[in-house]
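Inside the fold
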Amino acid sequence: QVQLVESGGGLVQPGESLRLSCAASGVSDTMSRMGWFRQAPEKSRDMVAVIFSSGSLLYADSVKGRFTISRDNAKNTVYLQMNSLKPEDTAVYYCHILYRNMDYWGKGTLVTVSS
């Protein structure tokens, strides 16, 4: 069964960095796309960054220039490097993949940016 496990979240101060990882298990071939979404308290779940099978990248305007999404196909893992973190980045970050035309979500990892 397909499972996604996120890691790397934590509590940091504004301006610091974090690197999130999402490892997919139970997949046997290329995923159509992988990405990160986030949801702050009392807010909707929004797209943060997506990487397509072609290698094309898509970022939310709020994170452009600060976040970088990447993947390691051999490890079935997607990463999100987050630099210059701001309090408004505080949220639960969810990994998402599209695999064989089906959606899969991780359980989320909490990122808290606070002084």
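These lines cover the structure that appears in this document, whether it is placed above or below. (Residues numbered from 1 in each chain as written. Predicted model: local features only at pLDDT ≥ 70, side-chain atom pairs only at ≥ 80, totals over all residues. Heavy atoms only, no water.)

**Quick word on the overall build of the chain**
When helices and strands are counted, the chain shows zero helices and 11 strands. Each helix (α) and strand (β) of the chain, taken in turn from the N terminus, gives the series β-β-β-β-β-β-β-β-β-β-β. Its C-alpha radius of gyration of 13 Å places the chain within 12% of the 13 Å reference for a compact globule of 115 residues. Expressed as lengths along the three principal axes of its C-alpha atoms, the size of the chain is roughly 45 × 25 × 25 Å. Burial status across the chain gives 42% buried among its 115 residues. Relative to all contacts within the chain whose residues are 6 or more apart in sequence, the contacts with residues 24 or more apart total 52%. Counting only carbon and sulfur atoms, one obtains 47% of the accessible surface of the chain, whose full area is about 6300 Å². Considering the chain, the positive charge centre built from 12 side chains and the negative charge centre built from 10 side chains are found 4 Å apart. (Helix = DSSP H or I, 4+ residues; strand = E, 2+ residues; numbered from the N terminus. Rg over C-alpha atoms; globule rule 2.2 N^0.38 Å. Buried < 20%, exposed > 50% of the residue type's maximum accessible area, 1.4 Å probe, protein only. Contact = heavy atoms within 4.5 Å. Areas by Shrake-Rupley, 256 points an atom, 1.4 Å probe, with all protein chains shown as cover. Lys, Arg positive; Asp, Glu negative; His and termini not counted. Charge placed at Lys NZ, Arg CZ, Asp CG, Glu CD.)

**A look at the pattern of salt bridges**
Scanning the entire structure with this criterion turns up three salt bridges. For Asp-89, the salt bridge is made with Arg-38, and the minimal N-O distance between the two is 2.9 Å. Of this pair, Asp-89 sits in the loop between β8 (77-82) and β9 (91-99) while Arg-38 sits in strand β4 (residues 33-39), and the two are 51 residues apart along the sequence. Classification of Asp-89 as buried rests on a relative accessible area of 0%. (Salt bridge = Lys/Arg side-chain N within 4 Å of Asp/Glu carboxyl O.)

**Examining the sheet that holds β8**
The four strands lie next to each other as β1-β3-β8-β7, forming an open sheet whose pairing is antiparallel. At either margin of the open sheet sits one strand with a lone partner, and together these are β1 (3-7) and β7 (67-72). Direction aside, the axes of adjacent strands within the sheet are offset by 15 degrees on average. As defined by bridge partners, β7 adjoins β8 across six bridges and the pair is classed as antiparallel. The partner of Asp-72 across the bridge, within β8, is Thr-77. (Pairing = 2+ DSSP bridges. Axes fitted to C-alpha atoms, helices over the stretch in contact; angles between N-to-C directions.)

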